[in-house]
Amino acid sequence: MKYTAYIVLDGVYQPFEFETDGNPIEYLWTRFGMDTYIDKLVSEDDGDTK
């Protein structure tokens with residue numbers, strides 16, 4: 001599935017688009033670290049906001 005995460009990275013609030021078949025939160029934590037603040041996660045496939 002395609003997602004857009006709104007995260008704070010290096011003190012900057014920014015969108016990050018990505019694709020994963022797994023858990024999107026685990027994907028973000030693996031990529032950026034567990035201390036990354038995830039403000040919003042939007043599924044581009046169905047428009048769901050998490």
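For the structure, see preceding data.
> Please explain helix α1 (residues 24–32) as it appears in this structure.
For an α-helix, 3.6 residues make a turn, and residues three or four places apart therefore share a direction. Structurally, the start of α1 carries an N-cap: the backbone nitrogen of I25 is 2.8 Å from a side-chain oxygen of N23. Phi for G33, located one or two positions after α1, is positive at around 105°.

> Is there a simple way to think about the packing of aromatic side chains in this case?
For the coordinates displayed, the defined rule picks out 5 aromatic pairs. Here Y3 and F18 contribute two aromatic rings whose centre-to-centre distance is 5.5 Å and whose plane-to-plane angle is 25°, an arrangement assigned as stacked. You can see Y3 sitting in strand β1 (residues 2–9) and its partner F18 sitting in strand β2 (residues 12–19), a full 15 residues away along the chain. The residues Y3 and F18 share a single accessibility class, namely buried.

> In this structure, what is going on with a negative patch on the surface? I would like to understand it.
On the surface, E17, E19, D21, E44 and D45 cluster together to form a negatively charged patch. Examined against the element boundaries, E44 turns out to sit in the segment after β3 (37–43).

> Where do I start with the side chain of T20 in this structure?
Looking at the secondary structure, you find T20 in the loop between β2 and α1. A polar atom in the side chain of T20 sits 3.1 Å from the backbone nitrogen of G22. Discounting chain neighbours no more than four positions away, the residues touching T20 are M1, Y3 and Y27.

The rules we used
Residues numbered from 1 in each chain as written. Predicted model: local features only at pLDDT ≥ 70, side-chain atom pairs only at ≥ 80, totals over all residues. Heavy atoms only, no water. Polar contact = N/O pair within 3.5 Å; in protein donor to acceptor, adjacent residues only side chain to side chain. Helix = DSSP H or I, 4+ residues; strand = E, 2+ residues; numbered from the N terminus. Phe/Tyr/Trp six-rings, centres within 6.5 Å; stacked < 30°, edge-to-face > 60°. Buried < 20%, exposed > 50% of the residue type's maximum accessible area, 1.4 Å probe, protein only. Patch = residues over 30% accessible without salt bridge, like charges linked within 9 Å, V, L, I, M, F, W, Y side chains within 5 Å. Areas by Shrake-Rupley, 256 points an atom, 1.4 Å probe, with all protein chains shown as cover. Salt bridge = Lys/Arg side-chain N within 4 Å of Asp/Glu carboxyl O. Lys, Arg positive; Asp, Glu negative; His and termini not counted. Charge placed at Lys NZ, Arg CZ, Asp CG, Glu CD. Contact = heavy atoms within 4.5 Å.

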